[in-house]
Amino acid sequence: IASTIDHIAAARNNRHVTCGTVLKLLNTDYKVRLHSHDVKYGTGSGQQSVTATELQEDVNSHWAVKAATGKHCERGEPVKCGDTIRLHHLATNKNLHSHHFQSPLSGNQEISAYGDEHGEGDTGDHWLVICSGDSWVRSNAVRLQHIDTDMYLGVSGRTFGRPINGQMEVVGLPNPYSGTEWIAAEGLFIHPTEKDSGSRIHTEL
């Protein structure tokens, strides 16, 4: 009976986004995935650009959930509503970042990817997870609020031309209304009960 209970607990835990999870974040309003790539902004900070893409299968849309700078979270531990996290861009080793620069298309707050060769940045990489209930559940939309500036991670609805043709502008928005809800789409979700055995569950990356 104990093992059955363990399996039920494990199945329940699969619903959560956990520390160490690698995921794609889907914007619920625009149906685009949070994305970055080794392309710098031509304006604003000149840092690495962050956009949103309609493409489902793109390795440049993978983000790892990490603890705040200088903090540690246990691999497989569910992310709680109200936690401060970093989103680490796997392909370029930078963190989702914001600061007081204007975004290139809509003039909202710029969102960039930032960090040194070790993937370490600063407090501009910190995001507050806003969700209902106790923890971040994969099937529920969340909002990500930038700690330093209070802006919400969102999509402006504007679309870039070359060299990142067809990708949408990702921005910091002052109000948590249109374009600011994200859902954990495809990913590699680390289970709390399996973190020691090294086994993984993943939905199609």
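Throughout this description, residue numbers start from 1 for each chain and increase along the sequence as written. With the structure being a predicted model, the display of local features is reserved for residues of pLDDT at least 70 and the display and counting of side-chain atom pairs for 80 or more, all residues being used for whole-chain, interface and lining totals. Excluded from the side-chain calculation are hydrogens and water; included are all heavy atoms of the structure.

- The name an unreviewed UniProt entry assigns to the chain is MIR domain-containing protein, from the organism Anopheles epiroticus.
- UniProt positions are given in the numbering used here, feature names are shortened, and annotations may be inferred rather than shown by experiment. The Subcellular location (unreviewed entry) field of the UniProt record for the chain holds the comment "Secreted".

A few points about the overall build of the chain
Then, in step 1: Labels follow the DSSP assignment, with helices taken as runs of H or I lasting at least four residues and strands as runs of E lasting at least two, numbered in each case from the N terminus. The helix and strand tally for the chain stands at one helix and 13 strands.
Then, in step 2: Along the chain direction, N to C, the helices and strands of the chain fall in the order α-β-β-β-β-β-β-β-β-β-β-β-β-β.
Then, in step 3: Residue contacts follow a heavy-atom distance rule, with two residues in contact if any of their heavy atoms lie within 4.5 Å. Looking at the chain alone, contacts between residues at least 24 apart form 63% of all its contacts between residues at least 6 apart.
Then, in step 4: Each accessible area is a Shrake-Rupley estimate made with a 1.4 Å probe; only the visible protein chains count as cover when residues are assessed. When the accessible surface of the chain is totalled, it reaches about 9,500 Å², and 50% of it is carbon and sulfur.

Here we look at the pairing of strand 6 (residues 94–102)
Then, in step 1: Bridging between strand 5 (residues 84–89) and strand 6 involves two bridges; their strand directions are antiparallel. Residue His88 lies in a different strand from strand 6, and its bridge partner there is Asn95.
Then, in step 2: In this description, strands pair whenever DSSP reports at least two bridges between them. Where strand 5 folds back onto strand 6 in an antiparallel hairpin, the turn is made up of four residues, including Asn93, whose phi is positive at roughly 65°.
Then, in step 3: Across five bridges, strand 6 lies against strand 7 (residues 109–114) in antiparallel orientation. Paired with His97 across the strands is Ser112, a residue of strand 7.
Then, in step 4: Taken together, strand 6 and the strand that follows it, strand 7, pair antiparallel across an intervening segment of six residues, in which Gly107 is found at a positive phi of about 75°.

Focus on the state of the cysteines
Then, in step 1: Criterion for a disulfide: a pair of cysteine sulfur atoms at a distance within 2.5 Å. Within the structure shown, the criterion is met by two disulfides.
Then, in step 2: In the chain, numbering the disulfide-bonded cysteines from first to last in sequence yields the connectivity 1-2, 3-4.

Quick look at the environment of Leu105
Then, in step 1: Here Leu105 is to be found in the loop between strand 6 and strand 7.
Then, in step 2: For the pair Leu105 and Ser156, spaced 51 residues apart in the sequence, the C-alpha separation amounts to 8.6 Å.
Then, in step 3: Residues within four places of Leu105 in sequence aside, it is in contact with Arg158, Thr159, Phe160 and Glu169.

Regarding the confidence of the model for the chain
Low pLDDT means the predicted coordinates in that region are not meant to be read closely.
Then, in step 1: Scored between 0 and 100, pLDDT is the confidence that the predictor attaches to each residue. With 87% of its residues at a pLDDT of 70 or more, the chain shows a mean pLDDT of 90.
Then, in step 2: With pLDDT under 50 throughout, residues 195–199 is counted as low confidence; its partners more than four residues away or in other chains account for three contacts.

A word on the pattern of salt bridges
Then, in step 1: Only one rule defines a salt bridge in this text: a Lys or Arg side-chain nitrogen within 4 Å of an Asp or Glu carboxyl oxygen. According to the stated counting rule, one finds four salt bridges in the structure shown.
Then, in step 2: The salt bridge involving Lys40 is made with Asp38; its shortest N-O contact spans 3.3 Å.
Then, in step 3: Exposure classes here rest on a 1.4 Å probe applied to the protein chains alone. A residue is buried below 20% of its type maximum, exposed above 50%, and partly exposed in between. The exposure class of Lys40 is partly exposed, given its relative accessible area of 49%.
Then, in step 4: Assessed through its relative accessible area of 61%, Asp38 is described here as exposed.
Then, in step 5: In this structure, Arg143 engages Glu181 in a salt bridge whose closest nitrogen and oxygen atoms are separated by 3.5 Å. Here the residue Arg143 occupies a position in strand 9 (residues 143–146), and Glu181 occupies one in the loop between strand 11 (168–173) and strand 12 (182–189), the gap between them amounting to 38 residues.

What about the packing of aromatic side chains?
What describes a pair of aromatic rings is the distance from one ring centre to the other and the angle between the planes of the rings.
Then, in step 1: For Phe, Tyr and Trp, rings pair up if their centres lie within 6.5 Å, where Trp contributes its six-membered ring, and each pair is then called stacked (planes under 30 degrees apart), edge-to-face (over 60) or tilted (otherwise). For the structure on display, the rule yields zero aromatic pairs.
Then, in step 2: Two conditions define a charge located above a ring, namely a distance within 6 Å from the ring centre to NZ of Lys or CZ of Arg, and an angle within 35 degrees of the ring normal. Lying over the aromatic face of Phe189, Arg138 brings its terminal NZ or CZ to 3.8 Å of the ring centre.

Side note on the environment of Asn165
Then, in step 1: Relative to the helices and strands, Asn165 is located in the loop between strand 10 (152–159) and strand 11.
Then, in step 2: Expressed as a C-alpha distance, the spacing of Asn165 and Thr53, which sit 112 residues apart in the sequence, is 9.8 Å.

Thoughts on the nonpolar core
Then, in step 1: With 32 residues, the main nonpolar core has Leu23, Leu34, Val50, Ile85, Leu96, Trp136 and Leu153 as its most contacted residues.
Then, in step 2: Looking at this core, the element that brings in the most residues is strand 12, giving three residues.
Then, in step 3: Sequence-distant contacts of Ile85, defined by excluding residues within four places in its chain, comprise Val65, Lys66, Ala68, Val79, Asp125, His126, Trp127, Val129, Trp136 and Leu144. In this text, buried Ala, Val, Leu, Ile, Met, Phe, Trp, Tyr and Cys residues form a nonpolar core when linked through side-chain atoms within 4.5 Å.

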